[in-house]
Amino acid sequence: MQQKNILHGPPDTIPQFKNLSMGQLLLNQLSVHGNWVAQVDALTGRKQTFKEILIDSQKLAVALEKEGLKKNDHIAICSENNIEFCIPMCAAFYLGATVCPLNPLYSERELKHALTITKPKYIFVSAVGIVNILKNHNQLFWLPKLIMLTESKVNKFPTIKSLTSNVTVDSSFHACAVDDDHVLVIPYSSGTTGLPKGVMLTNKNLLTVIRHFAVSTPEILNTNVITLALLPFFHAYSFSVLLVRLAFGNKSIILPRFDEKMFLQTIEKYRIEYITLVPPLMVFLAKHPIVDKYDLSSIKDIWCGAAHLSEDIAKMVAERLNVRSIKQGYGLTETTLAVVKLPNNSMKYGSVGTLAPGTSAKVIPINGGESSEPLGPNKMGELCFKGDLIMKGYYNDEKATAATIDKDGWLHSGDIGYYDEQCYFYVVDRLKELIKYKGYQVPPAELEALLLTCSGVKDAAVIGIPNEEAGELPAAFIVKQDGSNITAEDITKFVNERLSSHKRLRGGIRFIQSIPKTASGKILRRVLRDTFKSKL
Ligand code: ATP
Ligand code: MG
């Protein structure tokens with residue numbers, strides 16, 4: 001019997017790429033796309049074909065196997081986006097080893113924490129990442145071997161090139177088979193609410209992502225398609241998209257970091273058609289005057305995810321750039337990529353979309369206890385998901401896994417949201433971030449979305465500050481647009497005219513230079529709370 005108020009995405013009947021290991025899939029697809037250009041470094045113009053990726057990654061796999069790297073061993077890649085990133089990734093997949101991508105700009109504490117969780121045997125590292133790694137290397141109780149992604153004049157560590165210079169690959173080379181639940185990647189969550197968690201994503205999880213793209217986005221299954229790879233590969237969102245691009249043969253123009261001019265110049269120069277973005281970049285595209293100086297008419301579709309995208313900002317971008325669609329998606333590192341996304345040829349501003357194929361969802365009452373019934377349409381509660389996109393668990397942390405995936409296999413997202421009568425989902429905010437004002441719950445994301453529509457406001461973040469009488473008071477941190485004279489009074493008036501009384505910024509308004517964010521574009525409200533506390 002079907003349980004009431006459990007929603008199901010369309011059945012997953014997609015035939016492509018079933019029963020393969022990711023290594024087998026990539027080996028096959030890289031050779032199919034052969035001499036097409038796979039990646040271009042936007043800073044240097046350096047190009048790399050699919051065939052070059054294939055040859056370099058095969059050679060590296062042979063070298064690593066000789067050194068003793070085995071199935072299920074861990075390797076880390078600690079790098080900003082560059083065209084070498086995919087070489088150790090593919091090599092590890094051929095051997096059945098697990099890839100742990102690391103943010104090269106992690107603080108010492110985060111890096112040590114991340115390395116201690118997964119204990120990789122090898123760390124493939126960029127010139128940016130090595131600085132951080134060396135600070136921590138002596139503090140680790142086992143010693144990973146360091147291999148530079150590219151030549152480096154400042155240290156003597158081996159490079160991929162030096163490791164593979166005498167290697168030959170013979171025709172018997174093959175990628176090993178793995179089970180569905182083989183752990184392919186352990187990306188770390190963004191660390192928005194605490195230290196990053198090591199999330200085990202399986203062969204099935206990532207194959208499912210690629211297979212879904214084959215039907216949900218047929219326009220990208222083509223070697224002529226040009227995309228921009230700006231979001232960091234070390235985050236699950238962009239890592240999955242990297243695999244999709246390699247599988248379907250798209251040409252990716254790679255940027256290692258966000259720089260206003262470089263970003264816009266790259267889109268204009270390479271006539272970028274598809275981009276994956278996060279909300280802060282959408283705010284930039286919607287509001288920054290510099291955007292008008294560039295020809296961005298090549299952009300067809302924008303995908304956006306990872307944090308709350310305000311309806312107004314989405315509309316502003318769609319209008320300003322005249323793009324075909326802005327496709328929102330919602331997911332967690334723990335759900336591989338999007339479990340909910342806007343279906344093809346549909347636009348519903350404000351909604352994150354409908355369920356992915358083969359995925360089920362329910363919305364449960366907040367603090368309702370295990371046995372409470374799932375809620376019907378338009379009722380706000382915690383979003384829970386089940387299906388082939390859900391992680392295997394947190395690495396070496398059964399307690400955290402059990403607290404997130406219940407005994408019936410439901411992943412509890414920690415996010416508050418609802419679905420409407422057409423089964424479109426809406427994400428309100430994180431449960432942990434809701435501000436409690438006199439028994440009311442105020443989602444900071446709603447206030448932030450409103451503040452961003454105020455002219456003179458470049459960026460905004462809202463937190464609850466403790467208050468004896470009310471519990472918490474909403475307070476805003478504001479970054480002014482360059483040259484703007486906007487005052488706290490102007491902003492208060494703007495908000496008071498538009499929102500009900502309990503949502504007003506009674507905790508005050510503070511002007512700051514920039515809002516702290518994670519590499520995946522999420523507001524670090526905990527950092528703002530700490531800043532606020534330290535100034536008391
Ligand atoms: P950590 O779990 O380490 O504290 P994190 O939850 O930010 O960090 P991620 O897995 O990168 O790490 O992010 C998942 C979260 O991002 C979701 O739980 C949700 O809060 C937010 N999110 C993702 N997509 C959207 C979206 N489209 N709209 C609103 N929020 C989103
Ligand atoms: Mg999380």
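A quick note: this is a predicted structure, and the numbers were derived from the prediction, not measured. (Residues numbered from 1 in each chain as written. Chains lettered and ligands numbered in written order. Predicted model: local features only at pLDDT ≥ 70, side-chain atom pairs only at ≥ 80, totals over all residues. Heavy atoms only, no water.)

### Quick notes on the domain arrangement of the protein
With domains assigned, the protein is organised as domain 1 (22-33 + 43-167 + 179-204) and domain 2 (436-534). When each unit is reduced to the centre of its C-alpha atoms, the spacing between domain 1 and domain 2 is 39 Å. Counting each side, the surface lost to burial between domain 1 and domain 2 is near 410 Å², with a carbon and sulfur contribution of 44%. Connecting domain 1 to domain 2 are 0 salt bridges. (Domains from an automatic or database assignment. Buried area = accessible area lost by both parts, 1.4 Å probe. Salt bridge = Lys/Arg side-chain N within 4 Å of Asp/Glu carboxyl O.)

### Focus on the environment of Arg525
In this structure, Arg525 sits in helix 15 (residues 525-534). Distance from Arg525 to Ile463, taken between C-alpha atoms, is 6.4 Å for residues 62 residues apart in sequence. For Arg525, the contacting residues outside a window of four places in its chain are Asp429, Glu433, Pro444, Ala445, Glu448, Val462 and Ile463. At 3.3 Å, the side chain of Arg525 forms a polar contact with the backbone oxygen of Val462. (Helix = DSSP H or I, 4+ residues; strand = E, 2+ residues; numbered from the N terminus. Contact = heavy atoms within 4.5 Å. Polar contact = N/O pair within 3.5 Å; in protein donor to acceptor, adjacent residues only side chain to side chain.)

### Considering the pairing of strand 14 (residues 325-331)
Most of strand 14 sits inside the fold, with 6 of its 7 residues counted as buried. With helix 11 (residues 311-321) bridging strand 13 (residues 301-304) and the parallel strand 14, this β-α-β connection has right-handed handedness. If you look at the hairpin formed by strand 14 and strand 15 (residues 338-341), you'll find 6 residues sitting between the two strands, and Thr336 has a positive phi there, around 65 degrees. (Buried < 20%, exposed > 50% of the residue type's maximum accessible area, 1.4 Å probe, protein only. Right-handed = clockwise from strand over helix to strand, strands pointing away. Pairing = 2+ DSSP bridges.)

### Observations regarding the site of ligand 1
Not every one of the 22 residues close to ligand 1 is listed here, only the nearest: Ser189, Thr192, Thr193, Thr333 and Asp415. Between ligand 1 and the protein, one listed contact pairs an oxygen atom with a side-chain N or O atom of Ser190 at 2.6 Å. In the environment of ligand 1, an oxygen atom lies 2.4 Å from a nitrogen or oxygen atom belonging to the side chain of Thr192. Its free accessible area being 630 Å², ligand 1 has 95% of it covered by the protein chains. Of all elements in the fold, only strand 14 and strand 21 (425-430) reach the threshold of two or more residues within the shell around ligand 1. A total of 4 residues in the shell around ligand 1 trace back to one element, the largest contributor, which is strand 14. Grouping the amino acids of the shell around ligand 1 by side-chain chemistry returns 6 nonpolar, 11 polar and 5 charged. (Near = heavy atom within 4 Å. Areas by Shrake-Rupley, 256 points an atom, 1.4 Å probe, with all protein chains shown as cover. Nonpolar A, V, L, I, M, F, W, Y, C, P; charged D, E, K, R; others polar.)

### Brief notes about the nonpolar core
Met22, Leu64, Met89, Phe93, Leu285 and Ile302 are the most contacted members of the largest nonpolar core, which has 127 residues in total. Other than its neighbours up to four places away in sequence, Met89 contacts Leu26, Ile77, Val99, Phe239, Leu242, Leu243 and Leu246. Counting 31 residues, the second-largest nonpolar core is a separate cluster that includes Ile465, Ala470, Ile478 and Ile523. (Core = buried A, V, L, I, M, F, W, Y, C linked by side-chain atoms within 4.5 Å.)

### Side note on helix 11
Residues of helix 11 that are buried: Ile313, Ala314, Val317, Ala318 and Leu321. For helix 11, the angular spread of buried residues about the axis comes to 135 degrees, placing them on one side. Its buried side turned inward, helix 11 meets helix 10 (279-287), strand 13, strand 14 and helix 13 (444-452). After helix 11 finishes, the residue Asn322 shows a positive phi value of roughly 55 degrees. (Arc of directions from axis to C-beta.)

### Details of the environment of Tyr440
Within the element layout of this structure, Tyr440 appears in strand 23 (residues 440-442). A relative accessible area of 44% places Tyr440 in the partly exposed class. Taking the C-alpha atoms as reference points, Tyr440 and Glu472, separated by 32 residues in sequence, lie 9.9 Å from one another. Ignoring sequence-local partners within four residues, the contact set of Tyr440 consists of Ile435 and His502.

### What about the pattern of salt bridges?
The tally for this structure, following the rule as stated, stands at 23 salt bridges. Of the charged contacts, one joins Asp180 and Lys204 as a salt bridge, the two residues approaching to 3.8 Å between their closest N and O atoms. Remark: Lys204 occurs in helix 7 (residues 203-216) and Asp180 occurs in the loop between helix 6 (160-164) and strand 8 (183-185); sequence separation between them is 24 residues. For Glu433, the salt bridge is made with Arg529, and the minimal N-O distance between the two is 3.4 Å. With Glu433 in the loop between strand 21 and strand 22 (435-437) and Arg529 in helix 15, this pair connects stretches of sequence that are 96 residues apart.

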